[in-house]
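As a plain string of letters, each chain reads:
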Amino acid sequence: GENVEQHPSTLSVQEGDSAVIKCTYSDSASNYFPWYKQELGKGPQLIIDIRSNVGEKKDQRIAVTLNKTAKHFSLHITETQPEDSAVYFCAASISPNDYKLSFGAGTTVTVRA
Amino acid sequence: SAVISQKPSRDICQRGTSLTIQCQVDSQVTMMFWYRQQPGQSLTLIATANQGSEATYESGFVIDKFPISRPNLTFSTLTVSNMSPEDSSIYLCSVEGGQETQYFGPGTRLLVL
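Residues numbered from 1 in each chain as written. Chains lettered and ligands numbered in written order. Predicted model: local features only at pLDDT ≥ 70, side-chain atom pairs only at ≥ 80, totals over all residues. Heavy atoms only, no water.

Undergrad: Any chance you could explain the overall build of chain B here in plain terms?
TA: The secondary structure content of chain B amounts to zero helices and eleven strands. Along its sequence from the N terminus, chain B presents helices and strands in the succession β-β-β-β-β-β-β-β-β-β-β. Here chain B has a C-alpha radius of gyration of 13 Å; the compact-globule value for 113 residues is 13 Å, and the two agree. Once the C-alpha set of chain B is aligned to its principal axes, its extents read approximately 40 × 25 × 20 Å. When contacts within chain B are restricted to residue pairs at least 6 apart in sequence, long-range pairs at least 24 apart make up 53% of them. Put simply, chain B shows about 5,300 Å² of open surface, and 48% of that area lies on carbon and sulfur atoms. Within chain B, one finds 7 positive and 9 negative side-chain charges whose respective centroids are separated by 10 Å. (Helix = DSSP H or I, 4+ residues; strand = E, 2+ residues; numbered from the N terminus. Rg over C-alpha atoms; globule rule 2.2 N^0.38 Å. Contact = heavy atoms within 4.5 Å. Areas by Shrake-Rupley, 256 points an atom, 1.4 Å probe, with all protein chains shown as cover. Lys, Arg positive; Asp, Glu negative; His and termini not counted. Charge placed at Lys NZ, Arg CZ, Asp CG, Glu CD.)

Undergrad: Honestly, the sheet that holds strand 7 (residues 62–67) of chain A in this entry has me stumped. Any pointers?
TA: Within a sheet, neighbouring strands are paired by backbone hydrogen bonds and run either parallel or antiparallel to one another. Residues and elements named next belong to chain A. As summarised here, the arrangement of the five strands in space is 1-3-8-7-6, forming an open sheet in which the pairing is antiparallel. Looking along the sheet, the strands with just one partner apiece sit at the ends: strand 1 (4–7) and strand 6 (56–59). Going from strand to strand, the sheet's axes swing by 15° on average, the running direction of each strand aside. Taken together, the six bridges between strand 3 (residues 19–25) and strand 8 (residues 72–77) define a ladder with antiparallel strand orientation. Each bridged residue has a counterpart across the sheet, and for Lys 22 the counterpart in strand 8 is Ser 74. (Pairing = 2+ DSSP bridges. Axes fitted to C-alpha atoms, helices over the stretch in contact; angles between N-to-C directions.)

Undergrad: I keep staring at the state of the cysteines and nothing clicks. Help me out?
TA: What makes a disulfide is a covalent bond joining the sulfur atoms belonging to two cysteines. All names here are of chain A. Per the counting criterion, the structure on display carries two disulfides over all chains. At a sulfur-sulfur separation of 1.9 Å, the disulfide partner of Cys 23 is Cys 90. With the S-S bond torsion at -100°, the cross-link from Cys 23 to Cys 90 turns out left-handed. Within this pair, whereas Cys 23 is found in strand 3, its partner Cys 90 is found in strand 9 (residues 86–92), the two being separated by 67 residues in sequence. Overall, the relative accessible area of 0% leaves Cys 90 in the buried class. (Disulfide = S-S within 2.5 Å. Buried < 20%, exposed > 50% of the residue type's maximum accessible area, 1.4 Å probe, protein only.)

Undergrad: Would you take a moment to explain the packing of aromatic side chains for this structure?
TA: One pair of aromatic rings is described through two measures. These are the centre distance and the angle between the planes. Tallied over the full model, the rule gives eleven aromatic pairs over all chains. Aromatic rings pair up to connect Tyr25(A), Phe33(A), Trp35(A) and Phe73(A) into one cluster. (Phe/Tyr/Trp six-rings, centres within 6.5 Å; stacked < 30°, edge-to-face > 60°.)

Undergrad: Teacher, can you tell me more about unusual backbone geometry here?
TA: Glycine aside, the phi torsion of most residues is negative, and most peptide linkages are trans. For the bond running from His7(A) to Pro8(A), omega is -5°, close enough to zero to count as cis. Checked against the element boundaries, Pro8(A) lands in the loop between strand 1 and strand 2 (10–14). Cis peptide bonds are those with omega within 30 degrees of zero, and the linkage from Lys7(B) to Pro8(B) qualifies with -10°. Inspection of the secondary structure assignment puts Pro8(B) in the loop between strand 1 (4–7) and strand 2 (10–13). Although it is not a glycine, Lys71(A) adopts a positive phi angle of roughly 55°.

Undergrad: In this structure, what is going on with the interface of chain A and chain B? I would like to understand it.
TA: When the parts of a complex come together, some accessible area is lost, and that lost area is often used as the size of the interface. Tallying the contact residues gives 23 residues for chain A and 23 residues for chain B. With both sides pooled, the region where chain A packs onto chain B buries about 1,700 Å², and carbon together with sulfur makes up 54% of that total. Along the contact surface separating chain A from chain B lie two salt bridges. For Arg51(A), the salt bridge identified is with Glu100(B), shortest N-O distance 3.2 Å. Connecting chain A to chain B are ten residue pairs in polar contact (both at pLDDT 80 or more). (Buried area = accessible area lost by both parts, 1.4 Å probe. Salt bridge = Lys/Arg side-chain N within 4 Å of Asp/Glu carboxyl O. Polar contact = N/O pair within 3.5 Å; in protein donor to acceptor, adjacent residues only side chain to side chain.)

This is the structure we're talking about:
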């Protein structure tokens, strides 16, 4: 099955700086890569996703890049704010039919004011 | 995105007992999923629940321990049976949102004593 590795496990940044989280996947057939943000006491929230036919996608302060050749994708958060503090999970899906996702281990992001 | 609610939001249970968790979504969906998130860990898929068919369980999860019902297109239940302290986790339901996306509920935080 698909194996997703996520780094770093923790990330502390100064408010206003950028944060980058990287994930690698094992199955070259993977075609859908979502990112989730989980705040304390809440369920994961889908914040951005990218498909294998696209190399980059942006939504305001967040962006995701995908390198299919190297089998890795990254989340970039610019101009970080205290409300960006959360656990972020990457995931990969290899099948468009059963919606199954393999999740990374998570990155705890702390934005220092 | 769909609005998903779970009941109970949290519970403390005695070992050997069972707890049924409810998941309600505000629109009709074909696929619903149940995940387990152990303390400080990532998300692990327990099973996929499609209306009108038996749930499909992932490796390591069995129907006797985690029976699932899916009586209609907006509702599902997960029962955690004969609980032990190792079952202490967050249990999350999610729904398919089209184009491979998944949206998660707020989770049920279970502590087994």
